[in-house]
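For reference, the chains in residue letters:
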Amino acid sequence: MMTHRLSSLGLTDIAEKLDAGTRLSLDDGVRLFACPDLHAVGWLANREREKRHGALTYYNFNLRLEATNVCVASCLFCSFARLKPGDTDAYTMQLEQVLDKLRKRVNQPLTEVHVVNGLHPDLPFSYYTDMLSGLKAIRPGIHLKCFTAVEIAFFAETYGMTDEGVLRALMAAGLDSLPGGGAEIFAERVRKKICHDKADADRYLSIHRLAHRLGMRSNVTMLYGHIETMEERVDHMMRARALQDETGGFQAFIPLAFHPDNNQMRKLPAPSASDTLRVHAVARLMLDNIPHIKAFWIATGVEIAQMALWFGADDLDGTVQEEKIYHMAGSRTPETLGTSDIRRLIRTAGRLPVERDTLYNVITPPEAPDSVGVAAVT
Ligand code: SF4
C-alpha cells in the first residue's frame, strides 16, 4: 500500500535511494519538504529511524544552566538576551550561584551539566574556567557540555586567543563537549538578516571541526520556522553532513523551533506542528551519517516531541530542570520533567526509553515492552 502511495507522490526514487543506502541530494530534500503527504515522509523517516535504533528512545538526566543573559549580539529571534548589565531582566550569576545550582542537587543522579550564555563583554575568561573546574570539583564524574561555538568565537576575540587556544584552555578546566547552539540557519542570506553580528557559518563549523579533532563530541542545531526557505533548510543539513563526513564528531542533530514571543520577529507565526514533524523527518532522511535526531521537548512542546518519535527522532534530550531561553520566548512547556515523566512519555508514545549519558553510553537500559506495544521494524 505504501509503495503505491509513494509512487503516486513521485517519491519512489527517494525510497529506492534510501533502500540502497544512497545519499539524498539537495533536490530530494526540497521535494520531501514540498510533498503534500506528511505521513508518507514520516513513514520513510521512521523506517530510517528504526533501521538505526528500532524502538529505542534516548534521554538523559541533565541540568541546564544559563549563567548570564547579558549579550552584545542582537539576534532578531532572541528573547533571552539583554544588552547591558542593569537592563531590565538582565542577570549574571556569581560563580558561587552557578556552583550552588549543582551543589543543591547533590542527591540527583545527574550525568550532565549543559551551560550556554549570552556574550557578556565584561567577564574575565577565568569566570568560565573557574566555572568548569568548580563544577568538576563538586561532581568529578559529571560531563560538562558547555559553550556554543558562537561563545567560543566570542571568547577568542574578547580575550585575544585563538579558537584552539580557547578550546584547549576550557578542556584543561573540565570541558567535555560542545552543545550545538548558535547554528541557526547557515545560509548567509538568512544570517545577515537575523544574526549578523555573531560568528558566521564557516566559523561555527570550523570550531566544531576543531573540537572534534581535539577529541570532543558535539551536536548541531537548526533554528527553523522563520524566514528561511526550504532550500536553505536542506543546505543547512548538507553543510552539517559534510562536516560529519570529515570528522564523525556530531552525535545529534537538533531542530529548534522558532518561538516568536518577546523578540524582534514577533510578527511571524510559530512553526506549525506539521512543519515541526516534517523538519525532524527530513533531517533523519538527509543526515545519513549523524546517528541521532533529537526532539527537544522544551522547543517542540511535549506532545509534538512524542509524535516526532514516529517521524525520525530517537532522542528527547533530558530533564533540563532550569531553562530560560525558550521560556522567555513564550514556550509553555514545563521547565523540568522528571525521569519517570520522560520514561512515561516515551512508553505512551509506543517507544522504549533508554537513559543515556552525554556520549550515549547506556545508564538505564530499556525495559521489556509493556502493554502499550512497541514498534516493529518494517
Ligand atoms: S541568540 Fe545568543 S548570541 Fe544571539 S542575542 Fe541571544 S544570547 Fe546573544
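Residues numbered from 1 in each chain as written. Predicted model: local features only at pLDDT ≥ 70, side-chain atom pairs only at ≥ 80, totals over all residues. Heavy atoms only, no water.

1. Some points on unusual backbone geometry
Both trends apply: most residues other than glycine have a negative phi, and most peptide bonds are in trans.
Here is step 1 of the chain: Despite not being glycine, D89 shows a phi value in the positive range, around 70°.
Here is step 2 of the chain: Among the structural elements, D89 can be located in the loop between β2 (62-65) and α5 (95-103).
Here is step 3 of the chain: For V320, which is not glycine, the phi dihedral falls at a positive 65°.
Here is step 4 of the chain: Position of V320 among the secondary structure elements: in the loop between β9 (315-318) and α15 (339-348).
Here is step 5 of the chain: Relative accessible area serves as the criterion here: at 1%, V320 is assigned to the buried category. (Helix = DSSP H or I, 4+ residues; strand = E, 2+ residues; numbered from the N terminus. Buried < 20%, exposed > 50% of the residue type's maximum accessible area, 1.4 Å probe, protein only.)

2. Notes on the packing of aromatic side chains
Here is step 1 of the chain: A full pass over the atoms with the stated rule returns ten aromatic pairs.
Here is step 2 of the chain: Geometrically, the ring pair formed by F125 and Y159 is tilted, given 5.2 Å between the ring centres and 45° between the ring planes. One end of the pair, F125, is in helix α6 (residues 125-138); the other, Y159, is in helix α7 (residues 149-159), with 34 residues separating them in the sequence.
Here is step 3 of the chain: Residue F125 is classed as buried on the basis of its relative accessible area of 15%.
Here is step 4 of the chain: Relative to F147, the ring of Y128 lies with its centre 5.6 Å away and its plane at 90°, an arrangement referred to as edge-to-face. Taken together, the residues span a long stretch of sequence, with Y128 in helix α6 and F147 in the loop between β4 (143-146) and α7 at a distance of 19 residues. (Phe/Tyr/Trp six-rings, centres within 6.5 Å; stacked < 30°, edge-to-face > 60°.)

3. Quick look at the site of the ligand
Here is step 1 of the chain: Close to the ligand lie C71, A73, C75, F77, C78, F80, A81, G118 and K198, which account for all nearby residues.
Here is step 2 of the chain: Residue composition of the shell around the ligand, by class: seven nonpolar, one polar and one charged. (Near = heavy atom within 4 Å. Nonpolar A, V, L, I, M, F, W, Y, C, P; charged D, E, K, R; others polar.)

4. A look at the confidence of the model for the protein
Here is step 1 of the chain: Of all residues in the protein, 97% have pLDDT values of 70 or greater, and the mean over the chain is 93.
Here is step 2 of the chain: The low-confidence segment residues 370-378, where pLDDT is below 50, has 19 contacts with residues more than four positions distant or belonging to other chains. (pLDDT = per-residue confidence, 0-100. Contact = heavy atoms within 4.5 Å.)

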